[in-house]
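# Results of the structural survey
Residue strings, one per chain:
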Amino acid sequence: MDITNILSLLGGLALFLYGMQMMSGGLEAAAGNKMKQILEKLTANRFLAVAVGAVITAVIQSSSATTVMVVGFVNSGMMSLSQAVWIIMGANIGTTITGQLIALDVGMLAPLFAFAGVAMVVFLKNPKAHHYGEILAGLGVLFIGMGMMSDSMRPLREVPEFVNLMTTFSNPIIGIAVGAIFTAVIQSSSASVGILQSLASNGLIGLGDAVFVLFGQNIGTCITAVLAAIGTSKNAKRTTVIHLTFNIIGTTVFTMICLLFPLTAFVESFTPGNAPAQIANMHTLFNIVTTLLLLPVGQYLAKFAEKIMPDTEADAAKEEGILSFTHEEFMRNNLQLGFSAVYLKQLGEEIGKMLQLAKDNVDLCFQAIIDKDLGKVTKADQTEETIDLMNKELGRYISKILIHDKTGNDIEAIEEYFRMIGNIERIGDHAVNIGGYVHVMEKQGISFSEGAVEELHKMQDICESAMGLIVNMDGATPEWLSKIAALEQQMDDMTVKYRNNHIERMKNGLCSELGCILFSELLTDFERMGDHMLNIAQSYTKISAV
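What follows is about the overall build of the protein chain. Summing up its helical and strand segments, the protein chain has 24 helices and 0 strands in all. Here the protein chain, with 546 residues, has 52% of them falling under the buried criterion. Contacts in the protein chain between residues at least 24 apart in sequence constitute 82% of all its contacts with a sequence separation of at least 6. Of the accessible surface of the protein chain, which amounts to about 23,900 Å², a share of 61% is contributed by carbon and sulfur atoms.

This is how it looks when you write it as structure tokens:
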């Protein structure tokens, strides 16, 4: 085997992985949100959940991607740990479709798939057509890469050292270890199984030895989910424990069966002389039988994961925190297929918390200046620090999403969320400005007249109404937006009216000059809060229309 064959092998592997990435990217852009809706509607029906996991994985050609998606859903609270068990089982079945496609030997059509897909991307202007083109082109590139790998390995049949190496895989432990390590390195069981099929098709390894490598590959594929779970919640980490436990149990059971019974001969009898099909069939059999074996005890897998990773006091403290995630946690997570199905849900929940804090602070700050209560001002300042922290973390989080994902269906919604957190932060700033006037009033001995206090109560009430509509939104309907727009206009009108009223009070000696200036500044904060509230409502309306 010369340098040309080595380069061909590396190039083929690169094309195989790139083809899978193209397919995944196209599918994510075309159907990522639909996958989210399917998973969100999952019931406790384990058979339905297994089927959904299998179908999604068969479509996206990656159990790792599905498992990463599940880790994200569990981390965001959209899916329970018990639901995750069934999805993972289904994902292990669905991932076998790649091996079956390779075994069908449709490689001769690969250039046609690639050409048709590229033509759709280049010549058609419809964005959806581009996504479907990427899927088709990715499939073609995948099989072209598979063909290159197979051709590059053919000369290895004449290399005695390599043939001797292959025979060592008859030792189950070595075979399992090699399969697990290689798959963990390239982070794709589909690719590693494809390489194993190439070796077998060239007569370099028999099914009796290949099965142990195959079993190890199922363990190695768990590394992607393990990496994705770094920095996530305890339940998300438990999801990866379930995934790993499933494959270790399956590997143990099938290794014992292969050593004690003629399972390999039984599988060979279905497709004699077709080594890739034999490996594909064994891969499918492994995952289906393991799923059937563990299906009745899936809930115990979840309990086992909880035993392995019990809750600690630190975990409980985090559960009570304001943010469910931080920018640092996000940075440690890979943006892989399925992530866009998670981050919208997370953002919606976190922005809902931020809005509630801003709403509470608006009410608190108005009450602080009405009561001239510095204690309320101090409490509002502390809440404002939390709002500022959330604005910083969510802003950095959204920025990373926009950098990594420029083609998904949800990008417009993400951009609106970015605008929204800025408006919420400004509402918080104006609220603490109002509360901060208490310090000036105390220092300068300023008091508002009864008329001014009555107007402050009315400003507080209308802010409560507008923020209440936003926080408790049932749906961003045109009628809902119209109500908020009407309240914002009312706030503008009140600002003009109350400013004129205050000037009259000053003329009549009911208010000092400093009090008039202070009240005028307060009205400016009040009016601008209304503008930001309307901006938030408009963003919600645009998000619901995406």
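Under the defined criterion, the tally for this structure stands at 9 salt bridges. Across the pair Glu350 and Lys353 runs a salt bridge, and its minimum N-O distance is 3.6 Å. One end of the pair is Glu350 and the other is Lys353, both in helix 19 (residues 340–371) and 3 residues apart, which spans about a single turn. Note that Arg505 is salt-bridged to Glu455, the shortest N-O span being 2.9 Å. Remark: Glu455 occurs in helix 22 (residues 450–471) and Arg505 occurs in helix 23 (residues 478–507); sequence separation between them is 50 residues.

Below, the discussion takes up the environment of Asn218. Of note, Asn218 is situated in helix 11 (residues 207–220). Residues Asn218 and Thr251, 33 residues apart in the sequence, show an inter-C-alpha distance of 7.9 Å. For Asn218, the contacting residues outside a window of four places in its chain are Asn247, His283, Phe286 and Asn287. Engagement of the side chain of Asn218 in a polar contact is seen with the side chain of Asn287, the distance being 3.5 Å.

A few words on the nonpolar core. Soluble globular proteins tend to pack their nonpolar side chains together in the buried interior. Residues Ile351, Phe366, Ile369, Leu456, Met459, Met533 and Tyr540 are the most contacted members of the largest nonpolar core, which totals 63 residues. Among the elements of the structure, helix 19, helix 20 (374–404), helix 21 (411–444), helix 22, helix 23 and helix 24 (513–545) are those that each provide at least two residues to this core. In this structure, Ile369 is in contact with Ile434, Tyr437, Val438, Met441, Phe448, Leu456 and Leu522, ignoring residues within four places of it in sequence. Ranked by size, the runner-up nonpolar core spans 24 residues in total, among them Ala200, Phe215, Cys258 and Val267.

Attention now goes to the packing of aromatic side chains. Considering all chains together, one arrives at 7 aromatic pairs under this definition. Pairing Trp480 with Tyr540 gives two aromatic rings, centres 6.3 Å apart and planes at 70 degrees, and the pair type is edge-to-face. Placement of the pair is Trp480 in helix 23 and Tyr540 in helix 24, with a sequence separation of 60 residues. By way of ring pairs, the aromatic residues Phe212, Phe215, Phe254 and Phe286 are connected into one cluster. Seen from the ring of Phe519, Arg505 lies directly overhead, with NZ or CZ sitting 5.7 Å from the centre.

At their nearest, the axes of helix 22 and helix 24 sit 10 Å apart, and the two run at 15 degrees to each other. With respect to their mutual orientation, helix 22 and helix 24 come out roughly parallel. The hand of the helix 22/helix 24 crossing is left-handed. For the pair helix 22 and helix 24, contact is made by Ala452, Glu455, Leu456, Met459, Ile462, Cys463, Ala466, Met467 and Ile470 and by Phe519, Leu522, Leu523, Phe526, Met529, Met533, Ile536 and Tyr540, respectively. A class-by-class count of the residues in the contact of helix 22 with helix 24 yields 16 nonpolar, no polar and 1 charged.

Conventions adopted
- Residues numbered from 1 in each chain as written.
- Predicted model: local features only at pLDDT ≥ 70, side-chain atom pairs only at ≥ 80, totals over all residues.
- Heavy atoms only, no water.
- Helix = DSSP H or I, 4+ residues; strand = E, 2+ residues; numbered from the N terminus.
- Buried < 20%, exposed > 50% of the residue type's maximum accessible area, 1.4 Å probe, protein only.
- Contact = heavy atoms within 4.5 Å.
- Areas by Shrake-Rupley, 256 points an atom, 1.4 Å probe, with all protein chains shown as cover.
- Salt bridge = Lys/Arg side-chain N within 4 Å of Asp/Glu carboxyl O.
- Polar contact = N/O pair within 3.5 Å; in protein donor to acceptor, adjacent residues only side chain to side chain.
- Core = buried A, V, L, I, M, F, W, Y, C linked by side-chain atoms within 4.5 Å.
- Phe/Tyr/Trp six-rings, centres within 6.5 Å; stacked < 30°, edge-to-face > 60°.
- Lys NZ or Arg CZ within 6 Å of the ring centre and 35° of its normal.
- Axes fitted to C-alpha atoms, helices over the stretch in contact; angles between N-to-C directions.
- Parallel < 35°, antiparallel > 145°, perpendicular 65-115°, else oblique.
- Left-handed = near helix turned anticlockwise from the far one by under 90°.
- Nonpolar A, V, L, I, M, F, W, Y, C, P; charged D, E, K, R; others polar.

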